[in-house]
Structures are given as C-alpha cells and as structure tokens.
Amino acid sequence: MSSLFGTTEPLSIDQADALPRGLVDTLVDSGLVERIDGGLRGTVQFSSWEGFVVAHDPSNPLELRSDSVSGINPTTRTLAALTVRRPVQRALDVGTGCGAQALLAALHAEEVVATDVNPRALWLTEINAAINGLTNITCVEGSMFEPVAGEKFDLVVGNLPFVVSPDIDYTFRDSGLPGDDVSRLAVEGAASVLNPGGYAHLMCNWMLEPDAHWSDRPLTWFTSLDCSSWLLYHSNESSRDYAEKWNHALLRNRPDEYLDTVERWVAYHNDIGAVAVANGAIVLYSDGLGSHRVDRMAVPPQGNGGSQVERAFSAAARTDDRDLNEAVITLVSPHSLQQLLRHEDRRYVAADAQLVLDDTAGVAGDVAPMAAHALLRLDGQIALGDVVEQAVEETGLDRDELLDTTISVFAELGRRGIIDVRWPD
Ligand SMILES: C[S@@+](CC[C@H](N)C(=O)[O-])C[C@H]1O[C@@H](n2cnc3c(N)ncnc32)[C@H](O)[C@@H]1O
C-alpha cells in the first residue's frame with residue numbers, strides 16, 4: 001500500500017498527480033515531502049501522542065541519518081509523566097528533539113524555550129508547534145544551556161543524549177562528552193537556570209564503578225547545588241549489554257561492523273572505569289534546602305506523576321516526624337494496595353504491602369502489616385494519632401508498638417509523596 005507519510009510505499013507519479021498541485025508544492029517547499037524518481041515521498045513520519053500530532057523522523061529507516069530526530073520513545077514518556085504540571089511563567093526544554101516535552105509544557109507555561117544543537121530538531125519542533133496550534137514555543141539553536149545563559153526558568157525538562165558512548169555518530173544518542181559528563185552538566189546547568197521554587201526534571205545515565213552503590217556517583221553532583229534533589233533509579237546494564245542495545249541497528253544494517261563496535265564500546269567503558277551503566281531520572285527543586293533523596297522506581301512513571309513529585313518535596317521540607325500523629329492523612333486516589341502473603345511454617349504470613357499510585361513518579365510505598373490497621377481506617381478527617389487509638393480499641397494491639405510503626409511507615413510514605421499530609425495550623 002502507498003502513502004505519502006510513513007514507512008509504506010511512496011506515492012507513484014499518477015497518485016501524486018491526483019493531489020492538488022498547490023498542496024504538493026507547499027509540502028515540497030516545507031521539506032516535509034520530496035520528489036523522487038517516479039513519485040513523491042514524505043521525509044518524516046507522524047504519530048499521535050497525548051492529544052498532539054507529532055512529526056519526527058521514521059523510526060526504522062534502512063539507514064539512520066546522523067541528525068535523525070526520534071519520535072516518542074520510553075524516555076520521552078517517562079520524562080513527561082514525571083514533570084510537575086502546575087501553571088508557570090517560563091519553561092525550558094533542553095535537547096527538545098521533535099519538541100514533545102515543549103508541546104506539553106506549552107499547555108501550562110506562559111512561554112517555552114526549546115533548545116537543540118540539531119537544526120533539523122528545531123525545524124520539526126516549529127512544525128509541531130504550528131500543527132498543534134501552539135504559539136508560545138520559541139526555538140533556539142545551541143548546546144546545553146548556552147543559548148539561555150543569564151536567563152531563568154520556573155520549569156526545566158531535559159532528555160539529552162545521555163548515552164555513555166565513545167562515538168559521535170548520532171546527535172540524539174552521542175553527546176561527544178566524556179563518560180557521563182552530559183548528565184552531570186545537565187544537573188549543574190538546570191540548577192543554575194532555575195528560579196526559586198522551580199523544578200527541573202532530567203533523564204540521565206551514569207557510570208557504575210566497581211563496588212559502588214548506584215546512588216554514589218550522582219550524589220556527588222548535588223553537593224554544591226542550591227537545590228534539593230530526588231534521584232529516581234530505574235536499573236543498570238553491564239557495559240556489554242549496554243553496548244549491544246545502543247548498537248542494535250548496526251546488527252541489521254551493517255552487521256560486519258557490529259561486533260567491532262560493541263568491543264570498542266566495552267573497551268571504552270573499561271578505560272573510564274565503568275563496569276555498568278545506570279539509568280533513571282533526576283528531579284531538582286530550587287528550595288535552597290539541599291535535601292537529597294534516592295529511591296528505586298518500582299514501576300514506570302505514568303499519568304500525572306509530577307503530583308507525587310510535588311508532595312515528596314513538600315514533605316522533605318519537614319525534618320521532624322514526631323508531630324505526625326497530629327496531622328490528617330488523606331490517601332491519594334486512585335491507587336492500588338498490593339499485599340503479598342508468604343508461606344512459612346505451614347501458614348501464610350502477611351509481608352509488607354506495596355501502595356502504588358495510578359499517577360505515579362514510579363516510586364511505591366511500603367506498608368508494614370501493622371500500619372495497615374491505621375491505613376484502612378483513614379478517613380481524611382481525623383488526625384493520625386486518633387486513627388491509631390481507634391485501631392488499638394478495635395484490635396487490642398499494643399498502643400506503643402502500633403503508634404511507632406504507624407508513624408515511621410506514614411513518615412516514609414509522606415517523603416515518597418504517596419500520601420497527602422495536612423499538618424495542623
Ligand atoms: C534523546 S533526544 C530527546 C528528544 C526529546 N526531548 C524527548 O524527550 O523525546 C536528545 C536530543 O538532544 C539533542 N542534543 C544533542 N546534543 C545536544 C546538546 N549538546 N545540547 C542540546 N541538545 C542536544 C539531540 O539533537 C536530540 O534532539
């Protein structure tokens with residue numbers, strides 16, 4: 001089947017002749033369509049995403065162009081779900097690609113600046129803003145934060161080429177910077193352009209050195225920042241798995257180069273001291289407090305996960321849990337509570353339950369079985385201490401033990417942004 005855009009056959013001359021001449025000329029002039037021997041072919045592909053129509057380069061071409069602008073991929077979705085979606089004046093999308101993050105930000109920011117080193121990315125972002133009727137996105141060419149030097153933003157989103165790669169073959173993948181410098185520089189740059197009270201959300205990869213914990217390296221990036229941070233770790237891959245994944249297209253297109261390339265990547269990782277590469281996201285909040293938290297993502301971020309991010313940072317500002325019994329806790333809906341039962345000594349024993357929000361930043365909450373007595377009695381009206389009293393009366397459990405467990409479980413749920421905590425005035 002033929003179609004003008006997409007991966008199917010191009011339009012034949014006869015089919016192209018059936019289109020209005022003016023339309024064809026306009027499309028050719030715009031660069032979205034090119035004349036080829038024997039017909040007409042679209043140069044891009046269109047996808048629908050989050051209510052937008054998004055033009056981007058074809059995802060599986062025979063030969064990937066070095067300035068190829070990727071479409072919507074899992075990191076695009078993760079970043080979009082993590083972003084705090086509150087009304088702001090100025091937003092920055094650094095490394096905008098086809099403009100996916102800029103389009104979403106344009107719905108809740110007065111103005112959005114989208115930057116990229118790749119002119120083709122900015123061309124597509126301008127087209128995408130226009131076809132979606134958005135007039136508040138400005139595209140600026142340049143590297144990282146250079147094009148916005150001296151400017152300030154209330155929101156920063158960045159899905160830069162974070163791959164730890166020895167090559168400079170693809171603009172969307174290779175930053176040309178050594179090791180994981182692109183991720184470190186993204187963190188430092190984002191912190192430097194944030195207005196007080198602003199949030200930055202960055203997709204990152206970082207090197208894992210032998211015997212290091214996954215959080216060790218990124219935590220060193222935060223020490224001199226005037227921001228609080230939340231490191232959301234997803235997973236890690238050995239250098240070889242990582243090299244194979246990022247060079248997968250070679251296996252199909254130029255198989256003779258594949259093995260050498262993988263070996264060269266593994267040798268590069270070896271030289272820079274990386275045994276594996278970790279991936280995840282970093283959120284910065286410009287509150288001047290410098291509190292730093294690390295968590296594992298249990299599920300992929302989805303929906304309005306930014307709401308969990310906001311609750312987590314607001315809880316981080318409170319360092320004392322002792323008065324939590326005076327706070328009123330509301331469960332965030334919708335969510336699921338997943339209870340695991342372990343079989344031991346010929347009976348089932350309740351293990352910690354996991355509370356997972358539908359609108360999630362990916363981090364789940366652990367609920368010890370004892371704290372579930374309070375959780376199930378929350379009504380969003382009475383203080384946590386009174387909820388515990390009620391549970392003691394109804395279950396006969398030890399008051400001190402129930403109160404201590406409940407306070408420590410709910411304090412942690414609060415810090416993970418899993419529950420809504422209303423403190424007494
Ligand atoms: C992985 S794509 C991300 C696209 C999009 N932001 C998203 O979320 O799907 C990375 C983008 O960063 C751009 N880029 C590469 N090096 C850059 C640099 N030094 N400064 C700014 N952007 C850069 C690439 O051209 C590409 O468009």
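Everything that follows concerns the structure shown earlier in this document.
Just so it is clear, the structure is predicted and the values come from calculations on it, not from any experiment. (Residues numbered from 1 in each chain as written. Predicted model: local features only at pLDDT ≥ 70, side-chain atom pairs only at ≥ 80, totals over all residues.)

Side note on the site of the ligand
Filter applied, for reference: Being near a molecule or strand means, for a residue, that its C-beta atom, positioned from the backbone, comes within 6 Å of it. A run of H or I in DSSP counts as a helix once it spans at least four residues, and a run of E counts as a strand once it spans at least two, with each numbered from the N terminus. Amino acids are sorted into nonpolar (Ala, Val, Leu, Ile, Met, Phe, Trp, Tyr, Cys and Pro), charged (Asp, Glu, Lys and Arg) and polar (every other residue, Gly among them).
Among the 23 residues in the neighbourhood of the ligand, the closest are listed as Thr76, Gly95, Gly97, Asn118 and Asn159. Taken together, the elements giving at least two residues each to the shell around the ligand come down to helix H3 (74-82), helix H4 (100-105) and strand E7 (109-116). Considering only residue class, the shell around the ligand consists of ten nonpolar, twelve polar and one charged.

A few points about the sheet that holds strand E1 (residues 11-12)
The condition that has to hold: Between any two strands, at least two bridges found by DSSP are needed for them to pair.
Taken together, the three strands give an open sheet; going across it, the order is E1-E3-E2, and neighbouring strands pair in antiparallel fashion. A strand with exactly one partner marks an edge of an open sheet, and here the two such strands are E1 and strand E2 (33-36). Direction of pairing for E1 relative to strand E3 (residues 39-42): antiparallel, over a ladder of two bridges. The partner of serine 12 across the bridge, within E3, is glycine 39.

Section: the sheet that holds strand E9 (residues 153-158)
Counted only if it meets this: Here the axes come from fitting lines to C-alpha atoms, over the contacting stretch only for helices, and the angles between their N-to-C directions go from 0 to 180 degrees.
Taken together, eight strands build an open sheet; the order of strands is E8-E7-E6-E9-E10-E12-E11-E13 and the sheet is mixed. With one partner strand each, in any of the chains shown, strand E8 (137-141) and strand E13 (292-296) form the two edges of the open sheet. Between one strand and the next, the sheet's axes are offset by a mean angle of 20°, whatever the strand orientation.

Comments concerning the nonpolar core
The criterion, for reference: Here, a nonpolar core denotes buried Ala, Val, Leu, Ile, Met, Phe, Trp, Tyr and Cys residues that are linked to one another through C-beta atoms within 7 Å. Our exposure labels follow a C-beta count within 10 Å of each residue's own C-beta, placed from the backbone: buried means 20 or more other C-beta atoms, exposed means 12 or fewer, and partly exposed covers the counts in between. Per the annotation, domain bounds derive from an automatic or database assignment of domains. Two residues qualify as a contact pair if the distance between their C-beta atoms, derived from the backbone, is within 7 Å.
Counting residues in hydrophobic clusters, the biggest one holds 108 residues, and the most contacted among them are Val156, Ala190, Val283 and Leu284. Split by domain, this core shows at least three residues from each of two domains, domain 2 (47-314) and domain 3 (322-422). Those residues within four positions of valine 156 in sequence are excluded, and the remaining contacts are Leu92, Val94, Ala190, Val193, Leu194 and Ala200.

Focus on the packing of helix H13 (residues 384-395) against helix H14 (residues 399-415)
What counts, and what does not: By definition in this entry, angles of less than 35 degrees are roughly parallel, angles greater than 145 are roughly antiparallel, angles of 65 to 115 are roughly perpendicular, and the rest are oblique. Should the near helix be turned counterclockwise from the far one by less than a right angle, the crossing is left-handed, whereas a clockwise turn marks it as right-handed.
Two numbers describe how H13 lies on H14: the axes approach to 10 Å, and their chain directions differ by 140°. By the criterion of interaxial angle, the relationship of H13 to H14 is oblique. Remark: the crossing between H13 and H14 carries right-handed chirality. Note on element contacts: H14 touches H13 through Arg399, Leu402, Leu403, Thr406 and Phe410, opposite Leu384, Val388, Ala391 and Val392. Partitioned by chemical class, the residues of the contact of H13 with H14 number seven nonpolar, one polar and one charged.

Comments concerning the pairing of E9
Taken residue by residue, a regular strand's side chains alternate between the two faces of the sheet. Counted only if it meets this: Here is how to tell: hold the view so the strands point away, follow the path from the first strand over the helix to the second, and if it runs clockwise the crossover is right-handed.
With six of six residues buried, E9 lies mostly within the body of the structure. Both strand E6 (residues 88-94) and E9 contribute to a ladder of four bridges, which runs parallel. Paired with valine 94 across the bridge in E9 is glycine 158. Relative to strand E10 (residues 194-208), E9 runs parallel, the two being bridged by five bridges. Opposite glycine 158, over in E10, you have leucine 202 as the bridge partner. In the classification by handedness, the crossover that spans E9, the intervening helix H6 (residues 181-193) and the parallel E10 is right-handed.

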